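Chain and residue survey
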Amino acid sequence: MSVDFSRNVQERPDPVKADVKGNIPGWLQGTLLRNGPGLFSVGETSYNHWFDGMAIMNGFTFKDGEMTHQSRYLRSDTYKSNMDANRIVVSEMGTMAYPDPSKNFIVKVITFLNHTVPDFTDNGASNFIKYGDSYFATSETNYIRKIDPVTLETQDKVDHRKYLPVNLASSHPHYDKEGNAYNIGTSIAEKGKTKYMLFKVPAASEKDKGKDVPALKHAQVICTIPCRSLLTPSYYHSFGMTENYIIFIELPFKLDIIKMATAYMRGLTWASCLKFCPEENTLIHLIDRKTGKEFEVKYYTGAMVVYHHVNAFEDDGHVVFDVIAYNDNSLYEMFYLNKLKEKKMYPKSSYRRFALPIRSEKDIAVGEDLVKLKYTKASAVKEKEGKFMCQSEVLCEDLELPRINYDINGKKHQFVYGNYVEETAEMVAKFDTENKEMVFWREDKCWPSEPVFVPRPNGESEDDGVVLSSVVNCNPGQSGFLLILDAKTFKEIARAYVNGELHKDMHGYFVPLGS
């Protein structure tokens, strides 16, 4: 890999006009926010894992055919504590922080207690989410940080636990047409039970507009799902949603709570408490969005690890959902900084389509496949009353960071945009799920980020719009740039050089002008 993942990034808080080559569509008005780790060493201390780096936010703002760029570090409590101490003093998932040896005994005792019952980081370096009218930088802990999407300034620290008993929360919520947000969190040993909690954050009401009312204050629990095992909840990064259902995959990739509580004293990281159990099946939960009741049938499939859902939809008595899946947890392991320097290839991913029959199973014989959709080879075989073993259809391989036209989220889609990672992540791709064809954009020594689709106002087709990707340019003397592709043809229509370097990041969110 030619990108230096461990290099500290310099922030550029003042907007700088980009040098545009080509023509940016006049209708493209708004800001692409991107988030990811950018600071990997403080003083003489360094993070172990790329995901642990302190969050830096980038804003690419489009207006009247021009673009400006700016970036700021998230001024989280984690950032401030680390900077004040000139060393890493707040632990992250793959890096355990220990107090300065010169600190007194009381400080060391407090540090120990904070790691026995972990108070997690507020270093939201994964994504942006919208609750109500507010935007937040987020990772997967209970903390999120409100940000100004125009200036990228850090604002309030918000704790999910003040409103919902969740210790962890997904950084990939879903949104409906009314602006309501849906998310999932893990409640660890709350009232003696460990469970997953699906919740809804309503859109901002008219009476709350213009007021400083936390959106989470109105959060509503849709349902709770008991963990299969009390002290080893499943890891998850995203989930699926259709018009009527929520799909949650309980993976055999688990967090051992007991080991986590004792990791600090044993000199281990919290990430070491994650364990993949290949001998166990994956359990697929199907929940009715309106009633909050879980479907009585239990759906299983083989062991796998899923980070990203693509989309889900309903069709003729089935719930169909697409995911990017791996056979083990080697993707997380690959992003330890010492391993990134070894320039290893990406683990093999597969784009898998599952189909869950939701018709009555009465009078269905054991061993019968209930999937009747002609366009998929996915199956769901009845093993016994109330239990189905599902097999996916693999639509393609080596695609990651999938995005769709979110206007059709929850409906049947045809096109998916993502990074193609056969050997490296040097390509963005458009995949046609119907004819199984893929087209690419690539340029030598250029590393494009997760592609984000932005629909053209009043567009006439699913792929009527543009695809945006920030590109790390490793060609000597050349600037990083924001790539703009025609989503229909997947041809470049413009690029905007930012007159500086860009860096690898994780996820992005497009904020339309005036929203």
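Just above sits the structure.
Residues numbered from 1 in each chain as written. Predicted model: local features only at pLDDT ≥ 70, side-chain atom pairs only at ≥ 80, totals over all residues. Heavy atoms only, no water.

Observations concerning helix H1 (residues 77-85)
Taken together, the buried positions of H1 are occupied by Thr78, Tyr79 and Asn82. Considered in projection along H1, the buried side chains sweep an arc of 100° and stay on one side of the axis. Taken together, the buried residues of H1 touch strand E3 (30-39), strand E4 (41-42), strand E6 (54-63) and strand E7 (66-73). Once H1 ends, the next one or two residues include Asn86, with phi positive near 55°. (Buried < 20%, exposed > 50% of the residue type's maximum accessible area, 1.4 Å probe, protein only. Helix = DSSP H or I, 4+ residues; strand = E, 2+ residues; numbered from the N terminus. Arc of directions from axis to C-beta. Contact = heavy atoms within 4.5 Å.)

Some remarks on the packing of aromatic side chains
Evaluated as defined, the whole model comprises 29 aromatic pairs. Through pairs of rings, three or more aromatic residues link up here, namely Phe5, Trp50, Phe51, Tyr332, Phe335, Tyr336 and Tyr346. If you follow Arg289 out to its NZ or CZ, it ends over the ring of Tyr182, 4.7 Å from the centre. Sitting over the face of the ring of Tyr300, Lys387 holds its NZ or CZ atom 4.8 Å from the ring centroid. (Phe/Tyr/Trp six-rings, centres within 6.5 Å; stacked < 30°, edge-to-face > 60°. Lys NZ or Arg CZ within 6 Å of the ring centre and 35° of its normal.)

Topic: the pattern of salt bridges
Counted according to the given criterion, the structure contains 27 salt bridges. Between Glu501 and Arg7 there is a salt bridge, with the nearest N and O atoms lying 3.1 Å from each other. Placement of the pair is Glu501 in the loop between strand E37 (492-497) and strand E38 (507-512) and Arg7 in the segment before strand E1 (12-17), with a sequence separation of 494 residues. Residue classification places Arg7 among the partly exposed residues on the basis of a relative accessible area of 34%. Across the salt bridge formed by Glu450 and Arg34, the nearest N and O atoms sit 3.1 Å from each other. Placement of the pair is Glu450 in the loop between strand E33 (446-448) and strand E34 (452-455) and Arg34 in strand E3, with a sequence separation of 416 residues. Among the residues examined, Glu450 registers a relative accessible area of 2% and is labelled buried. Classification of Arg34 as buried rests on a relative accessible area of 1%. The structure contains a network of salt bridges with shared partners spanning Arg34, Arg403, Glu450 and Asp505. (Salt bridge = Lys/Arg side-chain N within 4 Å of Asp/Glu carboxyl O.)

Here's the deal with the pairing of E7
In regular strands, side chains alternate between the two faces of the sheet. Both E1 and E7 contribute to a ladder of three bridges, which runs antiparallel. Residue pairing across strands places Arg12 opposite Ser71, the latter belonging to E7. What sits between the antiparallel neighbours E6 and E7 is a turn of two residues, in which Asp64 has the positive phi angle 55°. (Pairing = 2+ DSSP bridges.)

Some points on the nonpolar core
Residues Tyr299, Phe321 and Tyr351 are the most contacted members of the largest nonpolar core, which totals 75 residues. Element by element, the count of residues in this core is highest for strand E24 (residues 318-326), at seven residues. Ignoring anything within four residues of it in the chain, the contact list for Phe321 reads Ile247, Ile249, Ile284, His309, Asn311, Ala312, Arg352, Arg353, Phe354 and Leu356. Among the nonpolar cores identified, the runner-up in size contains 27 residues, and Ala125, Phe128, Leu152 and Ala219 belong to it. (Core = buried A, V, L, I, M, F, W, Y, C linked by side-chain atoms within 4.5 Å.)

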